[in-house]
Each structure stands twice: as C-alpha cells, then as structure tokens.
Amino acid sequence: MFRHLETNVTSEESKPKLAAACVSCGWVCAAAKRSDGTVVPIGRPQGCDCGSSSFISVDE
Ligand SMILES: [Zn+2]
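Before going into details, it helps to say that this report is about the structure given with it.

The rules we used
- Residues numbered from 1 in each chain as written.
- Predicted model: local features only at pLDDT ≥ 70, side-chain atom pairs only at ≥ 80, totals over all residues.
- Helix = DSSP H or I, 4+ residues; strand = E, 2+ residues; numbered from the N terminus.
- Buried ≥ 20, exposed ≤ 12 C-beta atoms within 10 Å, placed from the backbone.
- Contact = placed C-beta atoms within 7 Å.
- Pairing = 2+ DSSP bridges.
- Core = buried A, V, L, I, M, F, W, Y, C linked by C-beta atoms within 7 Å.
- Axes fitted to C-alpha atoms, helices over the stretch in contact; angles between N-to-C directions.

Scanning the protein chain from N- to C-terminus turns up 0 helices and 4 strands. Along the protein chain, helices and strands appear, N-terminal first, in the series β-β-β-β. In the protein chain, which comprises 60 residues, the proportion classed as buried is 10%. A sequence separation of at least 24 residues applies to 42% of the contacts in the protein chain between residues at least 6 apart.

The next point concerns the pairing of strand β2 (residues 28-33). Where strand β1 (residues 17-22) lies against β2, 5 bridges are found, and the strand directions are antiparallel. Looking across to β2, one finds that Ala21 is bridged to Val28. Hairpin connection from β1 to β2: 5 residues lie between these consecutive antiparallel strands, with Gly26 at a positive phi of about 90°. Pairing between β2 and strand β3 (residues 39-41): 3 bridges, direction antiparallel. Each bridged residue has a counterpart across the sheet, and for Ala31 the counterpart in β3 is Pro41. Where β2 folds back on β3, the antiparallel hairpin that results is connected by 5 residues, among which Gly37 adopts a positive phi of roughly 95°.

Here we take up the nonpolar core. The biggest cluster of nonpolar side chains holds 5 residues, and these are Ala20, Cys22, Ala31, Cys48 and Phe55. Those residues within four positions of Phe55 in sequence are excluded, and the remaining contacts are Ala20, Ala21, Cys22, Val23, Ala31, Val39, Val40 and Pro41.

Pairing of β1 with strand β4 (residues 55-57) involves 3 bridges; the strand directions are antiparallel. Each bridged residue has a counterpart across the sheet, and for Ala21 the counterpart in β4 is Ile56.

Strand order in the open sheet formed by 4 strands is β3-β2-β1-β4, and the pairing between neighbours is antiparallel. Of all strands in the sheet, those bounded by a partner on one side alone are β3 and β4. For this sheet, the mean inter-axis angle between neighbouring strands, taken without regard to orientation, is 50°.

So, in structure tokens, the structure goes:
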C-alpha cells in the first residue's frame, strides 16, 4: 500500500500576472506566466470551460 501523493507545488515565487485568452474559444481571464513560458489561468488548473488548456497572453 504505497500511496505516493504527487506534490506538484511550486515555490511561492511572485508570478507575473497578465491577461490571457483561451486559444480555442477566446475566453479571457487573469493568468500567470510560468518560468517555462506556459500561460496558466489563475484559479483554473483544469483550463477553460471549453476543455482547452492552451492560453495565450493578450497583453498589449
Ligand atoms: Zn476556451
């Protein structure tokens, strides 16, 4: 009975907050850019309601 919990918790670094849009439906939300360049919506680890998890920055 080995129960390994995946601790996917990154360090609490200050992430730059930006606006991002879902590439699929265009839904815009607040997001954070991770160090690897991935844009992730804040508070929505599962991604967009439409099922897409790809977001692009819409700043500027
Ligand atoms: Zn969407």
